[in-house]
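# Secondary and tertiary structure notes
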Amino acid sequence: MDRRRIDIAPPHIPGFRAVPFTGVIYVMAEAAKRGYAYGHPDWCNLGQGMPETGPLPGAPPRILEAPISTADQEYAPVAGIPELRSAVADLYNHLYRQGKASQYTADNVCICGGGRLGLTRTVAALGEINLGHFLPDYTAYEELLNVFRAFTAIPILLEGTDGYRFDMGRLEREIMGRGLSALLLSNPSNPTGRTIRGLELASWVEAARRLECTLLLDEFYSHYAWCATPDEDGLVSAARYVDDVDDDPVVIMDGLTKNWRYPGWRTTWIVGPKAVIEAVTSAGSFLDGGGSRPLQRAAVALLEPAAVRAETAAIRGAFLRKRRILLDGLRDAGMRLDVEPEGTFYIWADLAGLPEPLNDGMDFFQAALEEKVICVPGEFFDINPGKRRSGRASRFRTYARFSFGPEESAVAEGVRRLGEMVQRYR
């Protein structure tokens, strides 16, 4: 049973259905019913996938205003303004493709008005194919997989006992055995933090090329790669392993939301072969019509390579401290981890060893709200429309996702409250 639907009645207006919130939006709405508001000093938001947006030591100065010219009153092109498209292409070439003959150009980039919109444009452009996706993964995928009916979504379960790894042999068997034409995944993974990188990521790209299966890669946490080596500059991207930017079936989604810590700008991009960019641009022409021209123009300066490296280094310094605080606190409270996060700013914790009722993700979430702490129940990452229709309980029912995105003081206070809450139930 989808417990989000308990109090969601169909609209009384004919023709409409009950539409559940995505997991993160659901928990934020529940918190708001109890008095939560953004910036409220009494609350610790360990639920929402939002990084702290203020200054960090060593990071470039935050942009606090953007000029708006007369030309900015007009629509932006559906694919984005040429200056930003070129800046994105140049950045990827600088970070990942130095010395390679095949280089990205503006024609390989489409600018979108947010991460979900980039995903929506992408899946709207898919044909009548089998699309593989992994469990668990990002909550917003579920409605996308359910609403667009041209393709058939095929879930692939990852096991916590294996650290959510997926070896090359199994990848090839799934692609060939299920007739997959595309695979959708977040890397680094939201919620588990599992990160495919180095030779493993190179093998995935090679398999996609050889088996003719497109990788749709959500790389919104690619600058939060704690396992990345110094020669990778703390960055992980499949763009490093693409041979031909217009022929290899690799489509990358990223933007300012996480890696630049500007979620409110709603400025993101899709990078891929020109033919794909043309298709997703066409989808954007009827889905949304294009993003904000002045914010796209202001974003160009943020993509200067030295600024990107400084921001990434600042993120690494600040977020690794918060990662350790949250890891230690959750373990001290009695939660078990299948894997320590190799990327993202999330910790995926198993609550099964906690006393009742805290060993259930939804019950834990409700109890945490009473402490003014927000987390996300694990069942929301079970992005399997078939499971929803079957009414079966999620296999991630005993899990929850916790974020170390907020300021360090909020992370420390939030995990302290959770530890005290668990103790009261023992």
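The present account deals with the structure reproduced in this document. This is a predicted model, so every value here is computed, not measured. (Residues numbered from 1 in each chain as written. Predicted model: local features only at pLDDT ≥ 70, side-chain atom pairs only at ≥ 80, totals over all residues. Heavy atoms only, no water.)

A cis amide bond links Leu 135 to the next residue, Pro 136, at an omega of 0 degrees. With respect to the helices and strands, Pro 136 occurs in the loop between strand E3 (130–135) and helix H4 (141–147). At the junction of Glu 356 and Pro 357, the peptide bond is cis and its omega measures out at 0 degrees in the coordinates. For Pro 357, the position within the fold is in the loop between strand E10 (346–350) and helix H11 (361–370). (Helix = DSSP H or I, 4+ residues; strand = E, 2+ residues; numbered from the N terminus.)

Under the counting rule described, the total for this entry stands at 26 aromatic pairs. When the centroid spacing of 5.4 Å and the interplanar angle of 65 degrees are considered together, the rings of Tyr 26 and Phe 380 count as edge-to-face. In this pair, Tyr 26 is assigned in helix H1 (residues 23–33) and Phe 380 in the loop between strand E12 (376–377) and helix H12 (385–390), connecting sequence segments 354 residues apart. The burial state of Tyr 26 is the same as that of Phe 380; both residues are buried. With a centroid separation of 6.3 Å and an interplanar angle of 55 degrees, the aromatic rings of Phe 166 and Trp 204 are classed as tilted. Here Phe 166 is found in the loop between strand E4 (152–157) and helix H5 (168–177), whereas its partner Trp 204 is found in helix H6 (residues 198–211), with 38 residues between them in sequence. No difference in accessibility class separates Phe 166 from Trp 204, as the two residues are buried. An aromatic cluster of three or more residues is present, and its members are Tyr 221, Tyr 224, Trp 226, Phe 319, Phe 345, Tyr 346 and Phe 404. Here Arg 62 stacks its cationic end above the ring of Tyr 262, 3.9 Å away from the centre of that ring. A cation over an aromatic ring shows up here: Arg 401 above the ring of Tyr 346, its NZ or CZ 3.7 Å from the ring centre. (Phe/Tyr/Trp six-rings, centres within 6.5 Å; stacked < 30°, edge-to-face > 60°. Buried < 20%, exposed > 50% of the residue type's maximum accessible area, 1.4 Å probe, protein only. Lys NZ or Arg CZ within 6 Å of the ring centre and 35° of its normal.)

Attention now goes to the packing of H5 against H6. H6 packs onto H5 with a crossing angle of 25 degrees between their chain directions and a minimal axis gap of 11 Å. Our classification of the angle between H5 and H6 gives roughly parallel. Note that H5 runs across H6; the crossing there is right-handed. Between H5, through Met 168, Leu 171, Glu 172, Ile 175 and Met 176, and H6, the contact on the second element is made entirely by Glu 200, Ser 203, Trp 204, Ala 207, Arg 210 and Leu 211. (Axes fitted to C-alpha atoms, helices over the stretch in contact; angles between N-to-C directions. Parallel < 35°, antiparallel > 145°, perpendicular 65-115°, else oblique. Left-handed = near helix turned anticlockwise from the far one by under 90°. Contact = heavy atoms within 4.5 Å.)

Spatially, four strands are ordered E9-E10-E13-E12 in an open sheet, and the strand pairing comes out antiparallel. The sheet is open, and its two edges are formed by strand E9 (336–337) and E12, each paired on a single side. When E9 meets E10, the two strands line up antiparallel, connected through two bridges. The partner of Arg 336 across the bridge, within E10, is Asp 350. Packing against the sheet, helix H10 (residues 305–332) makes contact with E9, E10 and strand E13 (399–403), and its axis sits at approximately 10 degrees to E10. (Pairing = 2+ DSSP bridges.)

Quick look at the sheet that holds E4 now. Strand order in the open sheet formed by seven strands is E2-E8-E7-E6-E5-E3-E4, with mixed pairing between adjacent strands. Both edges of this open sheet fall to strand E2 (109–112) and E4, since each of them pairs with a single strand only. Put simply, the sheet's adjacent strands are angled 20 degrees from each other on average, direction ignored. In this structure, strand E6 (residues 214–218) lies alongside strand E7 (residues 250–255), joined through four bridges in parallel fashion. The residue bridging Asp 218 from the neighbouring strand is Met 253, located in E7. Lying on the sheet, H6 is in contact with E3, strand E5 (180–186), E6 and E7; it crosses E6 at an angle near 145 degrees.

Next up on the list: the environment of Ile 175. Here Ile 175 shows up in helix H5. Exposure remark for Ile 175: the relative accessible area of 5% places this residue in the buried category. The spatial distance from the C-alpha of Ile 175 to the C-alpha of Ala 225 is 27 Å, given a sequence separation of 50 residues. Once you skip the residues sitting within four places of it in the chain, Ile 175 turns out to touch Leu 180, Leu 183, Leu 211 and Cys 213.

Right, let's get into the layout of surface pockets. Sizing a probe to match a water molecule and rolling it over the atoms shows the empty space that remains. A volume near 400 Å³ is recorded for the largest pocket. As for the largest pocket, its lining consists of 21 residues, and the residues nearest its centre are Gly 49, Arg 116, Tyr 138, Thr 257 and Lys 258. Secondary structure elements with two or more residues in the lining of the largest pocket: H1, helix H3 (115–124) and helix H7 (256–259). No other element matches H3, which puts three residues into the lining of the largest pocket. Residues that form the lining of the largest pocket fall into these classes: nine nonpolar, seven polar and five charged. If you add up the space inside the second largest pocket, you get close to 340 Å³. (1 Å grid on protein atoms, 1.4 Å probe; cavity = no way out; pocket = protein on both sides within 12 Å on 5 of 7 lines; lining within 4 Å. Points joined across faces, edges and corners; volume = space filled by probe spheres on them. Nonpolar A, V, L, I, M, F, W, Y, C, P; charged D, E, K, R; others polar.)

Looking now at a negative patch on the surface. On the surface, Asp 107, Asp 244, Asp 246, Asp 247 and Glu 278 cluster together to form a negatively charged patch. Structurally, Glu 278 can be placed in helix H8 (residues 274–287). The exposure class assigned to Glu 278 is exposed, which follows from its relative accessible area of 56%. (Patch = residues over 30% accessible without salt bridge, like charges linked within 9 Å, V, L, I, M, F, W, Y side chains within 5 Å. Areas by Shrake-Rupley, 256 points an atom, 1.4 Å probe, with all protein chains shown as cover. Salt bridge = Lys/Arg side-chain N within 4 Å of Asp/Glu carboxyl O. Lys, Arg positive; Asp, Glu negative; His and termini not counted. Charge placed at Lys NZ, Arg CZ, Asp CG, Glu CD.)

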